[in-house]
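The lines below spell out each chain.
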Amino acid sequence: MKLVFKLKDRVHGGDTPLKFCWQSVLGNYLATTGHDNAVRVWDRHGQLVEEMQLPGNCTGMEWDMDGDILCAVCEKSSNLFLWDSTQKKTLKIDSGAKDAHTFLAWSKVGFHLAIGTAKGNLILYDHKVGRKVPILGKHNKKILCGQWSAIQNCVGLASEDRAVTISDISGKTLQQFAVNDTPSLLKFSEMKGNAKTRPVDNTVSIVVGKKTLFIYKLQDPDGPAQLAFQPKYGRIEQYCWYGDNYIMIGFSHGHMVSISIHPEEVGREIFHVRNHQDYLASIAISHSLNYAATCGDNSVHVHDLQKLEEVTAIIDFTDEKGLKDLAWTNDGQLLAVSTTRGKLLTYLTKLPMLGDTCGTRIAYLTSLLEVTVFNSIEGELPITKTIDVEPSFVACGPYHLAVGMNNRAWFYYVADDKNAEKTRDREYLGTIQKMSLNADYAAVMFDGKVQLHMIDQGVHEALVEGKEAKLFPDREDEGAVTCSTITNDFLIYGTESGNICYFFIEDWAEVNVYRHGVGIRSIYPNDCGSHTAFIDEKGDGVIYNPVDDSVYTIPDMPASVNGLLWETNVFDKDVFVLYDDEVVYTYVFHRESLEGSLVTLAGKTRLPFSQRPLLLNNGILTLQTTSGKTNSILLESHCFLALDDHGQSIALDENAFQCAVALKRWKEAWTACVDLNSIEYWEKLGEAALISLDVDLAIRVYRQLQDAGMVLSLERLRDVEDRNLLAGTIASYIGQFDRAQELLLSSTNPVAALDLRRDLMHWDTALQLASRLDPQQIPFIAKEYGQQLEFTGNYSAAYQHFEKGLIREPEHLEHDETCAAGLARTSLRLGNIRRGVEIAIKHPSRQLKKECGAILENMRQFAESAALYERSQYFDKAAAVYIRGKNWNKVGELLPKVTSIKIHLQFAKAKEADKKYAEAADAYHDAKEYDSEIRVALDHLRDPERAVNIVKATGSTEGAKMVANFFIKLGDYGSAIQFLVLSKCNDDAFHMAKKHGQMEVYAEIVGENATAEDLMSIALYFENEKNHLMAGRFFTRCAKYAKALNHFLRCSLNEDGDEVLQLAVETVAAAQDIQLTRQLSDFLLGEHDGVPKDANYLFKMYMALGQYGEAAHTAIIISKEEQNNGNYRVAHDLLFSMMRELKDRQIKIPSEMETNLMILHSYILVKYHVRRANHACAARLLVRVAENISKFPVHIVQILTSTVIECHKSRLKHSSFSYAAMLMRPEYRNKMDAKYKKKIEQIVRKTGAKSEDEEDTSSPCPYCDFDLTDSELVCSSCRNNVPYCVATGRHISKTGLTTCPVCAFPAIYSEFQTFVEQDGVCPMCSGKVNPDDLLRVKNVANILSAN
């Protein structure tokens, strides 16, 4: 709050507190009195206006209801001292009282004055007529306080005798009651009930003994309420009624309490605060501001009655000793505060909200005699000007400021610096209602007229001759001016008759008049005057364009409008706001859109209480407050411009997007779409851009959406200059087809509207447009319309349009064929079959014939329908229709061309009904109805072979059942069982097999498809029949392995021994049961019958069980046995397969197995090398075999003989002699072949024991590179067993190696290649090998590690 004035110290001659009161209603004067017994009257600015000297201490002082008369009384005089504020005169009137005056009060509704005396007498004085009425003995003691009621005009008085009286204007006592202590602060008010009643002062409140508040209801005198308060609050210093049945009370200990006086909660405390720590002197309420103020200590606290917990202002009086009292003016603008030392200070609490703008410059009242001009948008510094009078208006121009009151105005030149120079003042012919300024002129409205005059005539005197001033309107019949304003170029004013006049200042002539028909209330042009918003007497808002006299209604207008502001930001020049007392409405004027120019509501914003909008710039509304300051708020419609606490832009949400689109702020809308990251909002932005005819933006948006079709369509509109053509095309894109047609017809290419309706298939409208715009298109439209009508079933209208569509010109042959086709179809549907068929037959289209055939078929015209189908080569349909017409001959003719199974089936049934079974069976076959074919073949043709073949070919269940029944009748139970199984009648097949002894047949047929239940049944059957082999088999299949093994072991081994033992091994392998394994093992070893079985079965069992170690030992035993029997190849293969198995399972191979395999393999290679005459290699291999000759007992002599011969041929004389000598032993000598006997004897005789063998070739050891003879397989250096070549038996080296592609055994590449080329198989695994598949081994380490 701002200090307005302060009365000088001891203004009333002492340090005692002074009394004061504000003038009623206007509050222009303040009356004070104090120690010097003088009453002084001051104006609002602290200037002394009048002074009245009283003969004694003033005991009462008050203004009348209108504030015209101030009355004061004192102790030592019977006079009433009156001062007339209108005439500035002082009067003295003798009241006639014989005792001292102690109280006075003016009536609130008339000119009656009540004066109380020290002896309790009452004097009623009527100032209007000057009559005094004394009422003696109204009270017995001094009258302390009182008040007039505001409605009934009764006076209430309280006296030292503790009585309270209520009297009428004649002094008659209406009611009287007593209180229990000294009364004070009597007040009238209305205590409202629940029911709505006429306003009445029905309650008297009074403070009793400074402790309690006494509430007395005049209409309920028997039910008064006396409210007591907490002792800590202290004494009641003051109280005030406010709101709806509430009282604010101030207590001496600094507490302020608000209580409710509602009937159901009288005395309930609703708010409490302690504003002052030491004391509270008084409280006051301003009903106009809705504020409450308390004073105490050294401060004043102001509260908003709507939000009592908030302190709106605090005034500190640091230099004052203490505060005594405070009071508001009626309008709440000024608050006077007195101190205990006789001082009085007046503060400005509410200024008249006077202000004006010019562009972005604002001028507004900041104090009663101070105006501030500033332009924050352009960064200008504020200029403060002290003015001469308290103004009633403020006007702002580019270079001037004007203020004034009544009929006088003062003009100031406002430069860019801080000085404001007064240029002139001027009086007008009436009270100024409004003033507007531009750079040179002022437009002043008063008494229904507008005066336009130069502001500084001397500056432009030479340039404006004859243009100094002008009064409007020119004629009286034009009506009184109700509003006016001025722009840089125009004076614009509105009249009560509804005219809006434009006066062009440069030409000094009226250039435009718009007649609205309804009186104009207010006008608001934009910055340049190109568009003017006005509000008429009906409260309707309109945007007016003076260029073409077009008007656009402002929608959703509020009930009352206080003002309108245009946006000053050049980018939002079409945005404006309307405002009332509570809400600001944001509107957008769309100059271009699909709907043309229009106004839309963009948003609403709550207007802060008691603030007035002055300026709108970029969505920020500058407001003037009652405290003489400005405030800024961001409109809700511009929420996309909001910043966070750090001044950074915030992420935009859906609401921000909608606001940006509504205001056509495309940049912000694009940012919102990016933040929202949703296709939905991109599509909305694209549609908004289209509605606003912003093609470039729409292309950007749809390119972002990757809508290539829309982008290409819009690209074609870039260069369209005709706005109607552009808008119409865009309207069609977004589905506003009626608007599109309207716009296109108004464009330079009206045929586009016809094309639009054709594309939309709006044929009625298209025909109407074609008749006006392009008659040549009527046949084509008629054809398309006919097609649509035919589709919707309106055949009569379709027929007419097809006829209308015929052109009968060669260049339109295809078009005529389409129309003819339509005529054919609609003719048939309308019943003209002959014409329709005739047209269809002549028409070249197969499809038309098919369509007409379908129509005729639905009409049950089967003969004509089938004929058309046949002509169009739709043989299936033709045959079907012939069938419906029972024309079997035609069906038979068409049958070879028919592919439909259904038709073949129908024909087959018909032939069967005619007992032509062979044809029926063939037809059933063609129809793939195999069950019926089987039935006919069995029942009628007696051809079971055909039926059996069909069942086997198709797997038909029902067919199999029929064939089974047929064989049952013939007694062929085996065949019957087979077909019962095929028909999934397993139970029937089982019982038949059981009954007729065909169980083996049944078991064979069931095979792998049998269920566990079937298998168990079969097994039990064979068990009962003592067929152990079959029982074992089926117990195995149903996982009953113990039973199965028992049955296998009970079988005779004479006939099926191999099969039985093999099955037993498989059973044990499947069971994986230790007990069963031991049982079979004991059986194979002869523990049961003392007869050991073939060891191969034991080997197979171990292999099947995965017991590879035992299997390996068994394999060695078997191979030895085979070797002893001379089956060397068998023994070799057995050892090889076992080694391979062990290698695959990464199990260590026994060295005995490797050695035996090496010896057997060496023996097998001998024959190959002998055939190749490679005697050296054969001799070395035979020597290796002969060294282990005991392992070949059956062929000892033969092997030794071959060894001697090959060694002799290879010059291995020592070896040849040694083994020849062995053959000469008695046990071998007689077994030698006679043809070799002499030669061997000769070798023994001629070759001595000292002869030596020829040295063997050598190669490095692959492990240690030691030079090792080729036939040695154990390195004497590194003691490693060296792998040998499968082709030669020699050890391998690091180079020149390969492996068998089948068994992966190593070999010397060249030798193995030669071996494979001759024999084609690997000597180790006997697998077929292609020489081309051999690969050289580059890394011998893999072979060595695997050895």
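In short, a report on the structure. All values derive from a computational prediction rather than experimental measurement.

1. A few points about the overall build of the chain
Thought 1: Of regular secondary structure, the chain possesses 41 helices and 63 strands.
Thought 2: Burial statistics for the chain: of 1347 residues in total, 51% are counted as buried.
Thought 3: Excluding contacts between residues fewer than 6 apart, the proportion of contacts in the chain whose partners are at least 24 apart in sequence is 41%.
Thought 4: A total of about 63700 Å² of accessible surface is found on the chain, and carbon and sulfur atoms cover 47% of it.

2. So, the sheet that holds strand β45 (residues 481-486)
Thought 1: One open sheet holds the 4 strands; their spatial order is β45-β46-β47-β48, and the pairing between them is antiparallel. Edge positions in the open sheet fall to β45 and β48 (509-515), since each of these has one partner strand only. Taken pair by pair, the neighbouring strands of this sheet meet at an average axis angle of 15 degrees, ignoring direction.
Thought 2: Pairing analysis gives 5 bridges linking strand β46 (residues 490-495) to strand β47 (residues 499-504), with the strands arranged antiparallel. Looking at β47, one finds that Phe 490 is bridged to Phe 504.

3. Here we look at the pattern of salt bridges
Thought 1: For the structure on display, the rule yields 36 salt bridges.
Thought 2: For Arg 40, the salt bridge goes to Glu 51, with nearest N and O atoms at 3.1 Å. You can see Arg 40 sitting in strand β4 (residues 38-43) and its partner Glu 51 sitting in strand β5 (residues 48-53), a full 11 residues away along the chain.
Thought 3: The exposure class assigned to Arg 40 is buried, which follows from its relative accessible area of 11%.
Thought 4: Here the salt bridges do not stand alone but share partners, grouping Asp 696, Arg 703, Glu 715 and Arg 718 into one network.

4. Quick notes on the side chain of Glu 1206
Thought 1: Mapped onto the secondary structure, Glu 1206 falls in helix α36 (residues 1196-1209).
Thought 2: Despite being buried, Glu 1206 has no salt bridge partner; Lys 1209 is the closest side chain of opposite charge, sitting 4.2 Å away.
Thought 3: A polar contact of 2.8 Å, which involves the side chain of Glu 1206, links it to the side chain of His 1175.
Thought 4: Every residue in contact with Glu 1206, bar those within four places of it in the chain, is listed here: Val 1170, His 1175, Ala 1178, Ala 1179 and Leu 1182.

5. Brief notes about the packing of helix α35 (residues 1175-1186) against α36
Thought 1: It is at 8 Å that the axes of α35 and α36 come closest, and there the two elements cross at 140 degrees. Between α35 and α36, the angle is such that the two are oblique. In terms of crossing hand, the pair formed by α35 and α36 is left-handed. Contact with α35, carried on its side by His 1175, Ala 1178, Ala 1179, Leu 1182, Val 1183, Val 1185 and Ala 1186, involves Ile 1199, Leu 1200, Ser 1202, Thr 1203, Glu 1206, Cys 1207 and Lys 1209 of α36 and no other residues of that element.
Thought 2: Grouping the amino acids of the contact of α35 with α36 by side-chain chemistry returns 9 nonpolar, 3 polar and 2 charged.

6. Digging into the packing of aromatic side chains
Thought 1: The tally for this structure, following the rule as stated, stands at 30 aromatic pairs.
Thought 2: Measuring from ring centre to ring centre gives 5.5 Å for Phe 177 and Phe 214, while their planes differ by 20 degrees; the resulting arrangement is stacked. With a gap of 37 residues between them, Phe 177 in strand β17 (residues 173-178) and Phe 214 in strand β20 (residues 212-217) connect regions that are remote in the sequence. For the pair Phe 177 and Phe 214, one class covers both residues: buried.
Thought 3: Aromatic side chains Tyr 441 and Trp 508 sit 5.7 Å apart centroid to centroid with 40 degrees between the ring planes, which places their arrangement in the tilted category. Placement of the pair is Tyr 441 in strand β42 (residues 441-446) and Trp 508 in the loop between β47 and β48, with a sequence separation of 67 residues. Like Trp 508, Tyr 441 is buried.
Thought 4: Following the ring pairs from residue to residue traces out a cluster consisting of Phe 490, Tyr 502, Phe 504, Tyr 514, Phe 534 and Tyr 544.
Thought 5: Sitting above the plane of the Tyr 239 ring, Lys 187 keeps its charged end 4.7 Å from the centroid.
Thought 6: Note that Arg 1336 overlies the ring of Tyr 1309, its terminal NZ or CZ placed 4.0 Å from the centroid.

7. Some words on helix α11 (residues 795-805)
Residues lying three or four places apart along an α-helix face the same way, a consequence of the helix completing one turn every 3.6 residues.
Thought 1: All of the buried residues in α11 are Ala 797, Ala 798, Tyr 799, His 801, Phe 802 and Gly 805.
Thought 2: Elements that come into contact with the buried residues of α11 comprise α9 (763-773), α10 (778-792), α12 (813-829) and α13 (833-842).

8. So, the side chain of His 1161
Thought 1: For His 1161, the location among the structural elements is in helix α34 (residues 1151-1171).
Thought 2: Exposure remark for His 1161: the relative accessible area of 1% places this residue in the buried category.
Thought 3: His 1161 has contacts with His 1132, Tyr 1284, Val 1286, Pro 1323 and Met 1324, leaving out every residue within four places of it along the chain.

9. Let's talk about α12
Thought 1: Taking 1.5 Å per residue as the helical rise, α12 with its 17 residues ought to reach 24 Å, and the 24 Å between its terminal C-alpha atoms agrees with that figure.
Thought 2: Burial within α12 is extensive, with 12 of its 17 residues counted as buried.
Thought 3: Those residues of α12 that sit buried are His 815, Asp 816, Cys 819, Ala 820, Ala 821, Gly 822, Leu 823, Ala 824, Arg 825, Thr 826, Ser 827 and Leu 828.
Thought 4: The positive-phi residue at the C-terminal boundary of α12 is Gly 831, with phi of around 100 degrees.

10. What to know about the sheet that holds strand β15 (residues 155-159)
Thought 1: Within the open sheet, the 4 strands sit side by side as β14-β15-β16-β17. Their pairing is antiparallel. Each having just a single partner strand, β14 (143-148) and β17 make up the two edges of the open sheet. Strand after strand, the sheet turns through a mean of 15 degrees between neighbouring axes, direction not considered.
Thought 2: Both strand β16 (residues 163-167) and β17 contribute to a ladder of 5 bridges, which runs antiparallel. Directly across from Ile 166, in β17, lies its bridge partner Gln 175.

11. What to know about the pairing of β15
Thought 1: Taking burial as the measure, the 5 residues of β15 include 5 buried ones, the bulk of the element.
Thought 2: Here β15 shows a buried face lined by Val 155, Leu 157 and Ser 159 and a second buried face lined by Gly 156 and Ala 158.
Thought 3: With 5 bridges joining them, β14 and β15 adopt antiparallel strand pairing. Its bridge partner lying in β15, Trp 148 is registered against Val 155.
Thought 4: From the end of β14 to the start of β15, which pair antiparallel, there are 6 residues, and Asn 153 there has a positive phi angle of about 60 degrees.
Thought 5: Hairpin remark: β15 followed by β16, antiparallel, with 3 residues in the connecting loop; positive phi at Arg 162, about 65 degrees.

12. Quick look at the environment of Ser 184
Thought 1: Looking at the secondary structure, you find Ser 184 in strand β18 (residues 183-189).
Thought 2: In this structure Ser 184 comes out as buried when scored by relative accessible area, which is 16%.
Thought 3: Through-space distance from the C-alpha of Ser 184 to that of Arg 162 is 9.7 Å; in sequence the pair is 22 residues apart.

13. Topic: unusual backbone geometry
Thought 1: The residue after Phe 472, namely Pro 473, is reached through a cis peptide bond having omega -5 degrees.
Thought 2: Mapped onto the elements, Pro 473 comes out in the loop between β44 (469-472) and β45.
Thought 3: A positive phi is found at Arg 10, a non-glycine position, where the angle reads about 55 degrees.
Thought 4: Turning to its location among the elements, Arg 10 is positioned in the loop between β1 (2-6) and β2 (19-22).
Thought 5: Even without glycine at this site, Lys 210 takes up a positive phi of about 60 degrees.
Thought 6: Of note, Lys 210 is situated in the loop between β19 (203-208) and β20.

14. Some thoughts on the environment of Asp 447
Thought 1: Locating Asp 447 in the fold gives a position in the loop between β42 and β43 (449-454).
Thought 2: The class for Asp 447 is exposed, based on a relative accessible area of 53%.
Thought 3: With 17 residues separating them along the chain, Asp 447 and Gly 430 place their C-alpha atoms 5.9 Å apart.
Thought 4: Apart from the residues lying within four places of it in its own chain, the contact partners of Asp 447 are Leu 429, Gly 430, Thr 431 and Gln 433.

15. Section: the packing of helix α2 (residues 666-676) against helix α3 (residues 679-691)
Thought 1: Between α2 and α3, whose axes approach to 9 Å, the crossing angle comes to 160 degrees. The angle between α2 and α3 places the two elements in the roughly antiparallel class. Considering only the axes of α2 and α3, their crossing is left-handed. Note on element contacts: α3 touches α2 through Tyr 681, Trp 682, Leu 685, Ala 688 and Ala 689, opposite Trp 666, Ala 669, Trp 670, Cys 673, Val 674 and Leu 676.
Thought 2: Of the residues that constitute the contact of α2 with α3, the class distribution is 11 nonpolar, no polar and no charged.

16. Overview of the pairing of strand β29 (residues 307-316)
Thought 1: Direction of pairing for strand β28 (residues 299-304) relative to β29: antiparallel, over a ladder of 6 bridges. Paired with His 303 across the strands is Val 311, a residue of β29.
Thought 2: Linking two consecutive strands that pair antiparallel, namely β28 and β29, is a turn of 2 residues.

What counts and what doesn't
- Residues numbered from 1 in each chain as written.
- Predicted model: local features only at pLDDT ≥ 70, side-chain atom pairs only at ≥ 80, totals over all residues.
- Heavy atoms only, no water.
- Helix = DSSP H or I, 4+ residues; strand = E, 2+ residues; numbered from the N terminus.
- Buried < 20%, exposed > 50% of the residue type's maximum accessible area, 1.4 Å probe, protein only.
- Contact = heavy atoms within 4.5 Å.
- Areas by Shrake-Rupley, 256 points an atom, 1.4 Å probe, with all protein chains shown as cover.
- Pairing = 2+ DSSP bridges.
- Axes fitted to C-alpha atoms, helices over the stretch in contact; angles between N-to-C directions.
- Salt bridge = Lys/Arg side-chain N within 4 Å of Asp/Glu carboxyl O.
- Lys, Arg positive; Asp, Glu negative; His and termini not counted.
- Polar contact = N/O pair within 3.5 Å; in protein donor to acceptor, adjacent residues only side chain to side chain.
- Parallel < 35°, antiparallel > 145°, perpendicular 65-115°, else oblique.
- Left-handed = near helix turned anticlockwise from the far one by under 90°.
- Nonpolar A, V, L, I, M, F, W, Y, C, P; charged D, E, K, R; others polar.
- Phe/Tyr/Trp six-rings, centres within 6.5 Å; stacked < 30°, edge-to-face > 60°.
- Lys NZ or Arg CZ within 6 Å of the ring centre and 35° of its normal.
- Expected span 1.5 Å × (residues − 1).

Nothing here speaks to function; it is all geometry.
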